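Working through the structure, step by step
Here are the chains, one letter per residue:
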Amino acid sequence: MSKDTTTEIDIIRVSSSKIEQIDFDNLTFGSVFTDHMLVCDYRNGAWEKPVIKPYEPFTLDPSAKVFHYGQAIFEGMKAYKTEDDSVWLFRPEENYERLNKSAVRMCMPEVTKEIFIDGLKELLKIEKDWIKKGKGNTLYIRPFMIAIGSGVIAQPSTQYRFCVILSPAKAYYSGEVKVLIADYYSRAANGGIGAAKAAGNYSGQFYPTQLAHNAGFQQIIWTDDATHTKLEECGTMNVFFRINDTLYTAPTSDRILDGVTRKSLIDLAKREGITVDVRPVLVDEIVQAAKDGSLKEIFGAGTAAVVNPIVGFQFKDEYFELPKLEKSMALDLKEKLTNIQYKLAEDTFGWTVEV
C-alpha cells in the first residue's frame, strides 16, 4: 500500500488492484466493489479528516447504536464515462441535500459538502478505470452513514461513520414486472421516516414483498397507511401512471421519497410537452382506468433501473394486464434521460457535473 495526503483528505492506495479479476460483462447488481472506499468519522461534535483507503471490512463494538436503534441512512447515485474518458455525475447536489435531510430526521449529524461532494470526486478519480464506457455501463455509488457509538441506552449516538463505496454495474433489467397493490401492509406512515432514506424503511418492506413474490408478483405498489386508497410508491421506486396522454404521480410527503429520478422525469416530460399532474392518485381511479382502457402505462422510477415498466397489476382478487404499446412514453422518457446522463444529448437543465 502507498499513502499520500491532499490538503483535505488522506489517501491510502491498494498495493495491487483486483480489477483484472472482474468480469465486467457479467455483473450482478451491487455485488462487486472497487478497490477503495471513502471513510470519515464524526467524534467529539465534529467530522474528522476523511480517508480514502482500501475497500475492507471494519470492526464495530457489539453495542454500536446502529445495531440496536437503527441509525443508518444511505443514498444511491451513478457515475458515467463518455467516449473521451471524462467522468460525469448526475445531479449530485440533490443526493447531498437529501442525505442531510435524512440525517436530520434520524437525529444524525449533517455531512459537509467538502466530505460528500469533494471526497466523492476524489474517490472517483482514483477509481476511474472501474467506470466503463458505453451506454448501460455505470458505476453505482452508495454513500451511507451509520451510528458507531457504543452503548445500549435508547438515545442518539454521539459517534458516526460516513462511508462511500462503489460498485460497477450494467444496465438494470428485471424482466416483466407484475405488481400487487397493497391493501394491508404499509411502507411508511404520516409523521414517520418514509421520506428519509433510512435503512429500516427498506427492511420493513422485505416481508410483504416476499409474500407478493410467493403469489407470483415481482413488486408491491404501496398505498397510504390510513385508508389504503392512495397509490404512493412501487417497491423502492417512485411510481407514475399514464392515463390517456397525461402522467400522474403522487406528491412527496412524510411517506414518499423525493426521488431524483422522479423529479428529473417530471421536468423532462414537461419539456417534451407532456401534461404531468402531481396529485394523490386513487386506487379506484386506476382500477376504473384499467377497465375502460384509458390506463396506458404504469412505471417505477429510481436510480438503479431509471425507468421500470409494469405489465400488469392486481388489486384484491382482480388482475389487470396493461396494453402492449407501439410507442411507450415510459421508455421514451428513459431514453431521453439516459442520453443526458451519458452526454449523448444536450443537457438543457444543467444536471450533469464533471468529476
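Look up a bit, the structure's there.
In what follows, the accompanying structure is described. This one's a predicted model, so the numbers in the text were calculated from it and none came from an experiment.

Next up on the list: the nonpolar core. Counting 42 residues, the largest nonpolar core has Leu 124, Ile 141, Met 145 and Phe 162 as the members making the most contacts within it. For this core, the elements supplying multiple residues, two or more each, are strand E3 (36-43), strand E7 (77-81), strand E8 (87-90), helix H2 (92-105), helix H3 (113-126), strand E9 (138-147) and strand E10 (160-169). Counting residues per element, this core draws most heavily on H3, which supplies seven residues. In contact with Met 145, not counting residues within four places along its chain, are Trp 47, Gln 71, Ala 72, Ile 73, Ala 103, Met 108, Pro 109, Val 111, Tyr 160, Arg 161 and Phe 162.

Our focus in this paragraph is the packing of helix H5 (residues 260-271) against helix H7 (residues 329-341). Relative to each other, H5 and H7 sit at 110°, their axes nearing to 10 Å. In terms of orientation, H5 lies roughly perpendicular with respect to H7. Counting all contacts with H5, which are made through Thr 261, Ser 264, Leu 265, Leu 268, Ala 269 and Arg 271, the residues of H7 involved are Leu 333, Lys 336, Leu 337 and Ile 340. Class assignment for the residues of the contact of H5 with H7 results in six nonpolar, two polar and two charged.

What follows deals with unusual backbone geometry. Despite not being glycine, Asp 85 shows a phi value in the positive range, around 75°. Classification of Asp 85 as partly exposed rests on a relative accessible area of 45%. For His 228, which is not glycine, the phi torsion reads 55° and is therefore positive. Within the element layout of this structure, His 228 appears in the loop between strand E12 (219-223) and strand E13 (230-234).

Attention now goes to H5. Look at H5: 17 Å from first C-alpha to last across 12 residues, which is about the 16 Å you get at 1.5 Å a residue. H5 sits mainly inside the fold: nine of its 12 residues count as buried. Residues Val 260, Thr 261, Arg 262, Lys 263, Ser 264, Leu 265, Ile 266, Leu 268 and Ala 269 constitute the buried set of H5. Gly 273 lies just past H5 and shows a positive phi near 85°.

Residue position: Phe 90 is located in strand E8. The sequence separation of Phe 90 and Val 353 amounts to 263 residues, and the corresponding C-alpha distance is 6.3 Å. The residues touching Phe 90, leaving out its near neighbours within four places in the chain, are Lys 78, Tyr 80, Asn 95, Val 260, Ser 264, Leu 337, Ile 340, Gln 341, Trp 351 and Thr 352.

Take the packing of H2 against H3 next. It is the contact of H2 with H3, at a shortest axis distance of 11 Å, that shows an interaxial angle of 145°. For H2 against H3, the interelement crossing comes out right-handed. Touching Pro 92, Glu 93, Asn 95, Tyr 96 and Leu 99 of H2 are Lys 113, Phe 116 and Ile 117, all from H3. Among the residues forming the contact of H2 with H3, the class breakdown is five nonpolar, one polar and two charged.

Now for the pattern of salt bridges. Evaluation of the coordinates by the stated rule reveals 22 salt bridges. Salt-bridge contacts for Asp 10 lead to Lys 49; the nearest nitrogen and oxygen are separated by 3.5 Å. Taken together, the residues span a long stretch of sequence, with Asp 10 in strand E2 (residues 10-13) and Lys 49 in the loop between strand E4 (46-47) and strand E5 (51-54) at a distance of 39 residues. In this structure, Arg 43 engages Asp 41 in a salt bridge whose closest nitrogen and oxygen atoms are separated by 3.1 Å. Given the relative accessible area of 26%, Arg 43 is considered partly exposed. Note on Asp 41: relative accessible area 11%, which makes it buried.

Locating Thr 261 in the fold gives a position in helix H5. A polar side-chain atom of Thr 261 sits 3.5 Å from the main-chain carbonyl oxygen of Gly 302. Not counting the four nearest positions on each side in its chain, Thr 261 is found in contact with Ala 301, Gly 302, Thr 303, Val 306 and Leu 337.

As a further point, take the state of the cysteines. As enumerated under the stated definition, the model contains zero disulfides in all. For Cys 107, which is in no disulfide, the shortest distance to another cysteine sulfur is to Cys 40 and amounts to 19 Å. Judged by relative accessible area, Cys 107 falls into the partly exposed class, the value being 48%.

Compared with the 18 Å implied by 1.5 Å per residue over 13 residues, the 18 Å span of H7 between its first and last C-alpha is a close match. When H7 is considered as a whole, its buried residues turn out to be Met 329, Ala 330, Leu 333, Leu 337, Thr 338, Asn 339, Ile 340 and Gln 341. One side-chain oxygen at the N-terminal end of H7 lies 3.3 Å from the backbone nitrogen of Ala 330; it belongs to Ser 328.

Rules used throughout
Residues numbered from 1 in each chain as written. Predicted model: local features only at pLDDT ≥ 70, side-chain atom pairs only at ≥ 80, totals over all residues. Heavy atoms only, no water. Core = buried A, V, L, I, M, F, W, Y, C linked by side-chain atoms within 4.5 Å. Buried < 20%, exposed > 50% of the residue type's maximum accessible area, 1.4 Å probe, protein only. Helix = DSSP H or I, 4+ residues; strand = E, 2+ residues; numbered from the N terminus. Contact = heavy atoms within 4.5 Å. Axes fitted to C-alpha atoms, helices over the stretch in contact; angles between N-to-C directions. Parallel < 35°, antiparallel > 145°, perpendicular 65-115°, else oblique. Nonpolar A, V, L, I, M, F, W, Y, C, P; charged D, E, K, R; others polar. Expected span 1.5 Å × (residues − 1). Left-handed = near helix turned anticlockwise from the far one by under 90°. Salt bridge = Lys/Arg side-chain N within 4 Å of Asp/Glu carboxyl O. Polar contact = N/O pair within 3.5 Å; in protein donor to acceptor, adjacent residues only side chain to side chain. Disulfide = S-S within 2.5 Å.

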